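# Architecture at a glance
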Amino acid sequence: MVHINRLIKKYNESTVLNINELKISKGQVVGVVGNNGQGKSTLFKLILDLILPTNGSVLINGLNVKQSDDWKAYTGAFLDQSFLIDFLTPEEYFDFIAHLNKIPTIEISKRLSRFCLFFNNEILGTNKYISDFSTGNQSKIGIAASFLGNPSLVILDEPFAHLDPLSVSFLKTFIKEYAISHHATFLISSHQLDTISSISDRIIVLEKGKILGDMIKDSISLTDLYKMIGT
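The rules behind each value
- Residues numbered from 1 in each chain as written.
- Predicted model: local features only at pLDDT ≥ 70, side-chain atom pairs only at ≥ 80, totals over all residues.
- Heavy atoms only, no water.
- Salt bridge = Lys/Arg side-chain N within 4 Å of Asp/Glu carboxyl O.
- Helix = DSSP H or I, 4+ residues; strand = E, 2+ residues; numbered from the N terminus.
- Buried < 20%, exposed > 50% of the residue type's maximum accessible area, 1.4 Å probe, protein only.
- Pairing = 2+ DSSP bridges.
- Contact = heavy atoms within 4.5 Å.
- Axes fitted to C-alpha atoms, helices over the stretch in contact; angles between N-to-C directions.
- Parallel < 35°, antiparallel > 145°, perpendicular 65-115°, else oblique.
- Left-handed = near helix turned anticlockwise from the far one by under 90°.
- Nonpolar A, V, L, I, M, F, W, Y, C, P; charged D, E, K, R; others polar.
- Phe/Tyr/Trp six-rings, centres within 6.5 Å; stacked < 30°, edge-to-face > 60°.

## A few points about the pattern of salt bridges
Applying the stated criterion across every chain, the model contains five salt bridges. With its nearest N and O atoms 3.9 Å apart, the salt bridge here joins E107 to K110. With E107 and K110 both in helix 3 (residues 105-112) and three residues apart, the pair spans about one turn of that helix. The class of K110 is exposed, set by a relative accessible area of 55%. Taken together, the shared-partner salt bridges in this structure form one network comprising E107, K110 and R111.

## Concerning the sheet that holds strand 2 (residues 14-24)
Taken together, four strands build an open sheet; the order of strands is 2-1-4-5 and the sheet is antiparallel. For this open sheet the edge positions go to strand 2 and strand 5 (63-64), each flanked by a neighbour on one side alone. Of the strands in this sheet, strand 1 (2-11), strand 2 and strand 4 (55-60) are in contact with helix 1 (residues 40-47), which crosses strand 1 at around 120 degrees.

## A word on the packing of helix 2 (residues 90-100) against helix 5 (residues 135-146)
Relative to each other, helix 2 and helix 5 sit at 25 degrees, their axes nearing to 10 Å. Comparing the axis directions of helix 2 and helix 5 gives the class roughly parallel. In this structure, the crossing between helix 2 and helix 5 has a hand that is right-handed. From helix 2, P90, Y93, F94 and I97 reach across to helix 5, where they touch I141, A144 and A145. Tallied by class, residues from the contact of helix 2 with helix 5 come to seven nonpolar, no polar and no charged.

## Description of the packing of aromatic side chains
Inspection of every chain in the model, using the stated rule, returns 16 aromatic pairs. For the pair F115 and F170, a centre-to-centre distance of 6.3 Å together with 55 degrees between the ring planes defines the contact as tilted. Of this pair, F115 sits in the loop between helix 3 and helix 4 (116-119) while F170 sits in helix 6 (residues 165-181), and the two are 55 residues apart along the sequence. A single burial state applies to F115 and to F170, both of which are buried. On the basis of an interplanar angle of 15 degrees and a centroid distance of 6.0 Å, the ring pair of F170 and F174 is categorised as stacked.

Listed below in structure tokens is the structure:
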């Protein structure tokens, strides 16, 4: 589903990402791990065409992300709070995302109902702007919005970082069930190695912008994974 070929990103003379080739099949849940500054967010931004590569290409279902917007119709993502519109309420933001995805108004509540436990009565009906929510609840809003269009490709950067344990448990279960029910492909980065290992089929380790390891989850232990990234 995702094919990366000779992808390089440089800032001035510094190379922050250099991946010769990477193929991710439809239906795979791929965990991307590595310490801060190793290229995880840069990789995701390049896949989503948020920044321009210095060289190389990203194809989603055979479409070059720089040359076509068609892939956006089946791609959902939340990387950070910059994806949100903080002067809107959550309801207004979800309506906006629904409009972009041509989702009928009658469908919005139905699709958001999947996140009732995740929201814990703290998101909807509060009459608050997104800017007034905690970082954790802002993340919940962004994560839920990424699923609103029922995407077949979902990209999440550190989705567990600001969540309480119950919310982490909910999201893990939701991702696993969604991947199966929608045959969806996931790219998820996380510093929580036990969490990412528990939901991933495949784990990619980035170091200094290069792929240090690319393995099926069962082929490596959590201890080995910690050693590989040096934590």
